[in-house]
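Geometric and topological summary
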Amino acid sequence: NISKARSACLREIHRMLSSAGLLFFTTFVEPDVPPFEENPVGYFQLPYNGPLHVCRYERNHLLALLKQVGFVEVDFSHRTEADHQSGIYCRRISA
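The following paragraphs examine the structure supplied in this document. Treat the numbers as computed from the prediction; the structure is a model and nothing was measured.

**Considering the packing of aromatic side chains**
Any pair of aromatic rings gets described here by the distance separating the centres and the angle formed by the planes. In this structure the tally under the stated criterion is four aromatic pairs. Clustering of aromatic rings is evident, with ring pairs tying together Phe28, Tyr43 and Phe44. Positioned above the aromatic ring of phenylalanine 36 is the side chain of arginine 6, whose terminal nitrogen or guanidinium carbon lies 4.1 Å from the ring centre. Stacked on the ring of tyrosine 43, the Lys or Arg arginine 56 has its end atom at 4.5 Å from the ring centre.

Next comes the structure, spelled out in structure tokens:
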């Protein structure tokens, strides 16, 4: 189940990251799309090289997933990274 794998990966990063550390990652994020799509048809005409080549998130869904495992967004830059990916900086939620 991809949903469980994403959460498990984020929980492990959260566990390993120091309380002062930042998480930076890139992914495809758009408003007004389904919560999660794998290799969405016609998306920027990107060539798909196999499963999970392009994973696109609806922004609020991604933020909820991050919050669920203990992260809060610090900075977000829409379509500024390679292949129109967005850049996301997060920190651990203070206890």
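**Observations concerning helix H2 (residues 59-68)**
Buried within H2 we find Leu62, Leu65 and Leu66. For H2, the buried positions fall inside an angular range of 100 degrees around the axis, keeping them on one side. In H2, the exposed positions angled more than 90 degrees off the buried face are occupied by Asn60, Lys67 and Gln68. One or two steps after H2, the chain reaches glycine 70, where phi turns positive at roughly 105 degrees.

**A look at the pattern of salt bridges**
Summed over all chains, the structure comprises four salt bridges. Two residues, arginine 15 and glutamate 12, come together in a salt bridge whose shortest N-O distance is 2.6 Å. Of the two residues, arginine 15 and glutamate 12 both sit in helix H1 (residues 2-16), three residues apart, roughly one turn of that helix. A salt bridge links glutamate 37 to arginine 56, with the nearest nitrogen and oxygen atoms 2.1 Å apart. Here arginine 56 lies in strand S3 (residues 55-58) and glutamate 37 lies in strand S2 (residues 36-38), a separation of 19 residues in the sequence. With a relative accessible area of 11%, arginine 56 lands in the buried category.

Cut-offs and rules
- Residues numbered from 1 in each chain as written.
- Predicted model: local features only at pLDDT ≥ 70, side-chain atom pairs only at ≥ 80, totals over all residues.
- Heavy atoms only, no water.
- Phe/Tyr/Trp six-rings, centres within 6.5 Å; stacked < 30°, edge-to-face > 60°.
- Lys NZ or Arg CZ within 6 Å of the ring centre and 35° of its normal.
- Buried < 20%, exposed > 50% of the residue type's maximum accessible area, 1.4 Å probe, protein only.
- Helix = DSSP H or I, 4+ residues; strand = E, 2+ residues; numbered from the N terminus.
- Arc of directions from axis to C-beta.
- Salt bridge = Lys/Arg side-chain N within 4 Å of Asp/Glu carboxyl O.

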